[in-house]
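Spelled out, the chains give:
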Amino acid sequence: MNPTGVRIAPSLLSADFARLGEEVTAVIAAGADLIHFDVMDNHYVPNLTVGPLVCQAIKPYAVSGAATIPIDVHLMVKPVDAIVPMFAQAGASIISFHPEASEHVDRTIQLIRASGCKAGLVFNPATPLIHLDHVLEQLDLVLIMSVNPGFGGQSFIESALRKIEAVRKRIDATGKDIWLEVDGGVKADNARRICSAGADTLVAGSAVFSGGRYAEAIGSIREQARLGQQARA
């Protein structure tokens, strides 16, 4: 984890698609810990974005010196199993999916792990946490959506804070190093409350890319997140 205690994952959904490689290089230089890669299929969500070929194309840019920066792939697709190996081969480090998109959640988790990636499970604002009851200890990451998935630039849904708190309690009870990621409307103004609730990984799209000052934006979010983690401690 970053020395400040939180990971920042800029979402390429808000980047300039005409120059994605440069954008990846720029946000990494600005302090990004992960690159968040949103995949939408126009079936599970009402939008269509990018596929494995684009992930493969940006992989060479996801480096900082000799270190590899993880590509954090969020699959908003249904069905999901057929596409998991494609993204693993394209260079994904983490692959997360929605329980509604899988006929057998446990099987999909095992498929991701067998493909050599870390596995994450994603919860929409109205998706119950019951899906964690039997699989939490097999996960590397839980992603809480604080907007309804499909489009960037939406406002944070406040009820997500209660869900973050509930997942944090579950993770802590396992004693395992499972990341708690939050995606949707994350910015410096709410990062403190999000991390005070228990998040340790923040996805930020328009908050990073819209102003053009990537280092300043990431630094502001990280500082507020650090204060939130201190308040929780």
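To start, this report covers the structure provided alongside it. (Residues numbered from 1 in each chain as written. Predicted model: local features only at pLDDT ≥ 70, side-chain atom pairs only at ≥ 80, totals over all residues. Heavy atoms only, no water.)

Another point: the overall build of the protein chain. For the protein chain, the helix and strand inventory stands at eight helices and ten strands. By its C-alpha atoms, the protein chain is 40 × 40 × 35 Å across when sized along the principal axes. Within the protein chain, the fraction of its 233 residues that count as buried is 53%. As displayed, the protein chain has an accessible area near 10,000 Å², and 51% of this comes from carbon and sulfur atoms. Between the averaged position of the 20 positive side-chain charges in the protein chain and that of its 24 negative side-chain charges there is a distance of 5 Å. (Helix = DSSP H or I, 4+ residues; strand = E, 2+ residues; numbered from the N terminus. Buried < 20%, exposed > 50% of the residue type's maximum accessible area, 1.4 Å probe, protein only. Areas by Shrake-Rupley, 256 points an atom, 1.4 Å probe, with all protein chains shown as cover. Lys, Arg positive; Asp, Glu negative; His and termini not counted. Charge placed at Lys NZ, Arg CZ, Asp CG, Glu CD.)

Right, let's talk about the layout of surface pockets for a bit. Left-over empty space is what a probe sized like a water molecule reveals as it rolls over the atoms. Of the volumes computed, that of the largest pocket is approximately 350 Å³. Around the largest pocket, the lining is made up of 27 residues, and of these Gly152, Gly153, Gln154, Gly184 and Gly185 lie nearest the centre. Looking at the lining of the largest pocket, the elements with two or more residues in it are strand 2 (35-40), strand 5 (71-76), strand 10 (201-204) and helix 7 (206-209). Of the residues belonging to the lining of the largest pocket, the class tally is twelve nonpolar, twelve polar and three charged. (1 Å grid on protein atoms, 1.4 Å probe; cavity = no way out; pocket = protein on both sides within 12 Å on 5 of 7 lines; lining within 4 Å. Points joined across faces, edges and corners; volume = space filled by probe spheres on them. Nonpolar A, V, L, I, M, F, W, Y, C, P; charged D, E, K, R; others polar.)

In space, the eight strands of this open sheet follow the order 1-10-9-8-7-6-5-2, with parallel pairing throughout. Among the strands making up the open sheet, the edge pair consists of strand 1 (7-10) and strand 2. Within this sheet the neighbouring strands show an average axis-to-axis angle of 25°, counted without direction. As paired strands, strand 2 and strand 5 are joined by six bridges and run parallel to one another. In the sheet register, Phe37 faces strand 5, and the bridge partner there is Val73. Lying on the sheet, helix 8 (residues 214-232) is in contact with strand 1 and strand 10; it crosses strand 1 at an angle near 145°. (Pairing = 2+ DSSP bridges. Axes fitted to C-alpha atoms, helices over the stretch in contact; angles between N-to-C directions. Contact = heavy atoms within 4.5 Å.)

The relative placement of two packed helices comes down to the angle between their axes together with the axis-to-axis distance. One can describe the packing of helix 6 (residues 188-196) onto helix 8 by two numbers: an axis separation of 7 Å at closest approach and a directional angle of 30°. The orientation of helix 6 relative to helix 8 falls into the category roughly parallel. Crossing geometry of helix 6 relative to helix 8 is assigned as right-handed. Here Ala188, Ala191, Arg192, Cys195 and Ser196 of helix 6 come into contact with helix 8, specifically with Ser220, Ile221, Gln224, Ala225, Leu227, Gly228, Gln229, Ala231 and Arg232. Residues belonging to the contact of helix 6 with helix 8 are distributed by class as follows: seven nonpolar, five polar and two charged. (Parallel < 35°, antiparallel > 145°, perpendicular 65-115°, else oblique. Left-handed = near helix turned anticlockwise from the far one by under 90°.)

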